[in-house]
Amino acid sequence: MSKIELMSEDLANKIAAGEVVEKTMNVVKELVENAIDAQSSFIKIELIDSGVKEICVTDDGIGMDKDDAVMAFSRHATSKLKTLEDLFNIESLGFRGEALPSIASVSRVNLKTSDGNTGTEVIINGGNIESVSNSDLKQGTKVTVRDLFYNTPVRLKYLKNLYIELANVVEYVNKMALSFPNIKFVLLNNGKELLNTDGKGNLLKVINAIYGLDVTKKMIAIENDNKDYKISGYISYPEAARTNRNVITTLVNGRIIRNNDLMRTILDSYHTYIPESKYPIVVMNIEADPYLIDINIHPTKMDIKFSNFDNLKSLINETISKKLESLTLIPTLEAKDKNQLEEKEVKESINFKDVIDSYIENNKNKSNIDNDYQKVEEVTIDFEVNEEKESYSNQEEEDTNSERVKKMYPVGLVHGTYIIAENEDGMFIIDQHAANERINYEKYLKAMGTHDNKVIDLLIPIKIELSNSDYIILKENMHLLEELNFTVEEFGINTILIRSHPYWLPTFNIEEAIRRIIEVIVSKESFDSYKFTEKVAITLACKMSIKANDHISLETMEYLLDTLRKTENPFTCPHGRPTIITYSNYELEKLFKRAMN
Ligand code: ZN
Ligand code: ZN
């Protein structure tokens, strides 16, 4: 019985509208998704010139019989859905019956397929079936698409940047490999291997194949659930963050989803651990009862609506922040023996480096794949290690924080900016402003959160004059100042009078501090009350902290280091920049060649 059936004209038209084959990535995507639908456990993607010359996808799936093989290229045929109703109830990944005929209409296609009984070979040029014959293929499907857009030269122009085409394909195949750790993916361009996963179902190994060993070592397993949702996967240490948001992969019930709320939630969980413009590497599987989710299917994107999103949000927030709180997050400066690595690997990866460099240039955004393919040979990593480490994380309470960072003893100051310190583990460099900022930030945040109404009355009220536009905005939002326990009065034109202020306000230069808070209000960035207090805390902390070029005493350094150790997150300033970096004793010895190997 033929697996492919003709679908109604109506449905065909509905889908055709959104379907355009305009990137090699779209062709790869269609072929790979067909291979996955065919229950393959091995998918090999071979490109020549980023796929513009040739794309060949081979799988070991269930294959097709002769009828299906021919039917696959007739317009409006699909095995995947027959009625409009099916469109909204889709199990398989690919649903666009249009794609294969569309691809065939602008290229030369050779399809070899076998369902285990008979092998078939179909040759199509520019959409016309040239021949149908028997093939020697035993099982699975092999589709070769050559000379994409050879008969529509205008389209070909869009493909002229081979680097971007390739980067897009790589990114797509990475995501599929992360979604299907049970499928072995091999990707080659001009014979050079760009990805090779083992298909044995271990997600961490897929991460290793994509991002390399250095990143893999910085990944932490997560798993948690509540009554509506279950999450699992891996998150990276903050220091492994990249500048491209594509390093965040979210799957819902096994399907790649791009959802802004979900992205926001993950980034919020890393808040103040990484700078705003950076993204942690995350692969998160979300399992949810299908009745809680509503997948919005559009041919080019997969978005989703969650019911009870707040439950998912708090699950993610709690899981990630708990993990981060349990870690020691001082970036280590590794003493790599550069020459060793470079000669062998860089030579090998040189072509791909070109690709990536150009991609970076073209995107201005630094690509997430810049380091991904520097394979470390003879990888020896225990892929279970990360999960076992978990036992550490729950030993909570008491002095966990001061345990996370051992006591450090200041030795001196460099450029009036960086404190050099030591302890039995090694040498530390601390940014005095960032460290002080972290301390003050937590102090202000805590003070503002206690709802302690202690205020300090001013003998002489402070008069603050504002610009007319600022004054208008402030007047609208006067309650924000009052909630912070300021007593404020309007006083003539564009002027306010402060009669008392909360006790935690820095006592020197009060007017400056108040002006800073007003700036936050006037900036209108966010009036959600948590974000507002947080913004105020960050602003004051920055303003009130020791600056660079301030030559502080050894005692002050000692005080800073000790107080920093006891903060909730000693490792980054509230802007997400690092406070401490370290050279371990071992690395120092290695750098000075006291230690070999
Ligand atoms: Zn600052
Ligand atoms: Zn900062």
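Calculation notes
Residues numbered from 1 in each chain as written. Chains lettered and ligands numbered in written order. Predicted model: local features only at pLDDT ≥ 70, side-chain atom pairs only at ≥ 80, totals over all residues. Heavy atoms only, no water. Donors = N, O, S within 2.8 Å, 3.2 Å for Na, K, Ca; no water. Helix = DSSP H or I, 4+ residues; strand = E, 2+ residues; numbered from the N terminus. Buried < 20%, exposed > 50% of the residue type's maximum accessible area, 1.4 Å probe, protein only. Pairing = 2+ DSSP bridges. Axes fitted to C-alpha atoms, helices over the stretch in contact; angles between N-to-C directions. Contact = heavy atoms within 4.5 Å. Phe/Tyr/Trp six-rings, centres within 6.5 Å; stacked < 30°, edge-to-face > 60°. Lys NZ or Arg CZ within 6 Å of the ring centre and 35° of its normal. Salt bridge = Lys/Arg side-chain N within 4 Å of Asp/Glu carboxyl O. Core = buried A, V, L, I, M, F, W, Y, C linked by side-chain atoms within 4.5 Å. Polar contact = N/O pair within 3.5 Å; in protein donor to acceptor, adjacent residues only side chain to side chain. Expected span 1.5 Å × (residues − 1). Arc of directions from axis to C-beta.

## Side note on the coordination of the zinc ion (ligand 1)
Right, so step 1: The protein atoms that coordinate the zinc ion (ligand 1) are His433 (NE2), Glu437 (OE) and Cys542 (SG), at distances spanning 2.0 to 2.3 Å.
Right, so step 2: Read N to C, the donor residues that coordinate the zinc ion (ligand 1) are spaced as H-x3-E-x104-C.
Right, so step 3: A spacing of 3.9 Å is found between the zinc ion (ligand 1) and the zinc ion (ligand 2), which share Glu437 as a donor. Note that His433 and Glu437 are positioned in helix H16 (residues 432-449) at a spacing of four residues, about one turn of the helix. For the residue pair His433 and Glu437, the accessibility class agrees, reading buried in each case.

## Digging into the sheet that holds strand E21 (residues 455-465)
Right, so step 1: Overall, antiparallel pairing links the three strands, which are arranged E21-E23-E22 in an open sheet. The two strands at the open ends of the sheet, each matched to only one other strand, are E21 and strand E22 (487-490). Here the strands of the sheet are splayed against their neighbours by 15 degrees on average, with no regard to which way each runs.
Right, so step 2: Here helix H19 (residues 510-523) sits on the sheet in contact with E21 and strand E23 (495-502), set at roughly 65 degrees to E21.

## Describing the coordination of the zinc ion (ligand 2)
Right, so step 1: Looking at the metal site, the zinc ion (ligand 2) is ligated by Glu437 (OE), Cys573 (SG) and His575 (ND1), spaced 2.0 to 2.3 Å from it.
Right, so step 2: Linear spacing of the donor residues for the zinc ion (ligand 2) on their chain is E-x135-C-x1-H.
Right, so step 3: Its relative accessible area of 1% is what places Cys573 among the buried residues.

## Considering the packing of aromatic side chains
Right, so step 1: Evaluated as defined, the whole model comprises three aromatic pairs.
Right, so step 2: An angle of 40 degrees between the planes, with centres 5.6 Å apart, marks the rings of Phe306 and Phe309 as tilted.
Right, so step 3: Classification of Phe306 by relative accessible area gives buried; the value is 13%.
Right, so step 4: Taken together, Tyr229, Phe306 and Phe309 form an aromatic cluster joined through their ring pairs.
Right, so step 5: Above the plane of the ring of Tyr444 lies Lys443, whose end atom (NZ or CZ) is 5.2 Å from the centre.
Right, so step 6: The ring of Tyr503 has Lys454 lying over it, and the distance from NZ or CZ to the ring centre is 4.5 Å.

## Some remarks on the pairing of strand E10 (residues 192-196)
Right, so step 1: In this sheet, E10 lies alongside strand E9 (residues 184-189) in antiparallel orientation, the contact comprising four bridges. Its bridge partner lying in E10, Asn189 is registered against Lys192.
Right, so step 2: Hairpin connection between E9 and E10: a loop of two residues separates the two successive antiparallel strands, and Asn190 in this loop has a positive phi of roughly 45 degrees.

## A word on the sheet that holds E10
Right, so step 1: Strand order in the open sheet made by the eight strands is E7-E6-E5-E8-E3-E2-E9-E10, with mixed pairing throughout. One side of each edge strand has no neighbouring strand; the edge strands of this open sheet are strand E7 (128-134) and E10. Across the sheet, the axes of successive neighbouring strands diverge by a mean angle of 10 degrees, strand direction being ignored.
Right, so step 2: As defined by bridge partners, strand E2 (residues 42-48) adjoins E9 across six bridges and the pair is classed as parallel. Across the sheet, residue Lys44 finds its bridge partner in E9, namely Val186.

## As for the pattern of salt bridges
Right, so step 1: Counted by the stated rule, this structure contains 19 salt bridges.
Right, so step 2: Residue Asp562 pairs with Lys407 through a salt bridge whose shortest N-O separation is 2.9 Å. A residue pair is termed long-range when its members are at least 10 positions apart, and Asp562 in helix H21 (residues 554-565) and Lys407 in the loop between helix H15 (400-404) and strand E18 (409-414) qualify at 155 residues.
Right, so step 3: Note on Asp562: relative accessible area 18%, which makes it buried.
Right, so step 4: Given the relative accessible area of 27%, Lys407 is considered partly exposed.
Right, so step 5: In this structure, a network of salt bridges that share partners links the residues Lys406, Glu424 and Asp425.

## So, the nonpolar core
The tendency in soluble globular proteins is for nonpolar side chains to be buried side by side.
Right, so step 1: Counting 108 residues, the largest nonpolar core has Ile45, Phe185 and Ile430 as the members making the most contacts within it.
Right, so step 2: Core analysis: the second largest hydrophobic core is formed by 35 residues, Leu458, Phe486, Val520 and Val522 among them.

## Observations regarding the environment of Asn224
Right, so step 1: For Asn224, the location among the structural elements is in strand E11 (residues 219-225).
Right, so step 2: Residue Asn224 is classed as partly exposed on the basis of its relative accessible area of 28%.
Right, so step 3: Residues Asn224 and Glu318, 94 residues apart in the sequence, show an inter-C-alpha distance of 9.3 Å.
Right, so step 4: Every residue in contact with Asn224, bar those within four places of it in the chain, is listed here: Tyr229, Lys230, Ile231, Leu315 and Thr319.
Right, so step 5: Within the structure, the side chain of Asn224 is placed 2.9 Å from the side chain of Thr319, a separation counted as a polar contact.

## Here we look at helix H7 (residues 162-179)
Right, so step 1: Taking 1.5 Å per residue, 18 residues should reach 26 Å; H7 reaches 26 Å between its end C-alpha atoms and fits that length.
Right, so step 2: In terms of burial, H7 is a largely internal element, 15 of the 18 residues being buried.

## Topic: the environment of Leu262
Right, so step 1: Relative to the elements of secondary structure, Leu262 occurs in helix H10 (residues 260-269).
Right, so step 2: For Leu262, a relative accessible area of 0% gives the class buried.
Right, so step 3: The spatial distance from the C-alpha of Leu262 to the C-alpha of Thr250 is 8.1 Å, given a sequence separation of 12 residues.
Right, so step 4: What Leu262 contacts, discounting residues up to four positions off in sequence, is Thr250, Ile286, Phe306, Phe309, Leu312 and Ile316.

## Some details on helix H11 (residues 309-325)
Right, so step 1: Taking 1.5 Å per residue as the helical rise, H11 with its 17 residues ought to reach 24 Å, and the 24 Å between its terminal C-alpha atoms agrees with that figure.
Right, so step 2: Turning to H11, its buried residues number three or more, namely Phe309, Leu312, Leu315, Ile316, Thr319, Ile320, Lys323 and Leu324. All buried residues of H11 project into a common sector of 145 degrees when viewed along the axis, lining one side. Facing away from the buried surface of H11 by more than 90 degrees, the exposed residues are Asp310 and Glu318.

## Some points on the side chain of Asn440
Right, so step 1: You can see Asn440 is positioned in helix H16.
Right, so step 2: On the basis of relative accessibility, which here comes to 8%, the residue Asn440 falls in the buried class.
Right, so step 3: A distance of 3.0 Å separates polar atoms of two side chains, one belonging to Asn440 and the other to Ser545.
Right, so step 4: Those residues in contact with Asn440, other than ones at most four positions away along the chain, are Ala541, Met544 and Ser545.

## Some words on the side chain of Asn569
Right, so step 1: Checked against the element boundaries, Asn569 lands in the loop between H21 and strand E24 (580-584).
Right, so step 2: Accessibility expressed as a relative area gives 3% for Asn569, which makes it buried.
Right, so step 3: A distance of 3.0 Å separates a polar atom in the side chain of Asn569 from the backbone nitrogen of Phe571.
Right, so step 4: Among all residues touching Asn569, those that are not within four sequence positions of it are Thr272, Tyr273, Arg438 and Glu442.

That's the geometry; what it means functionally is another story.
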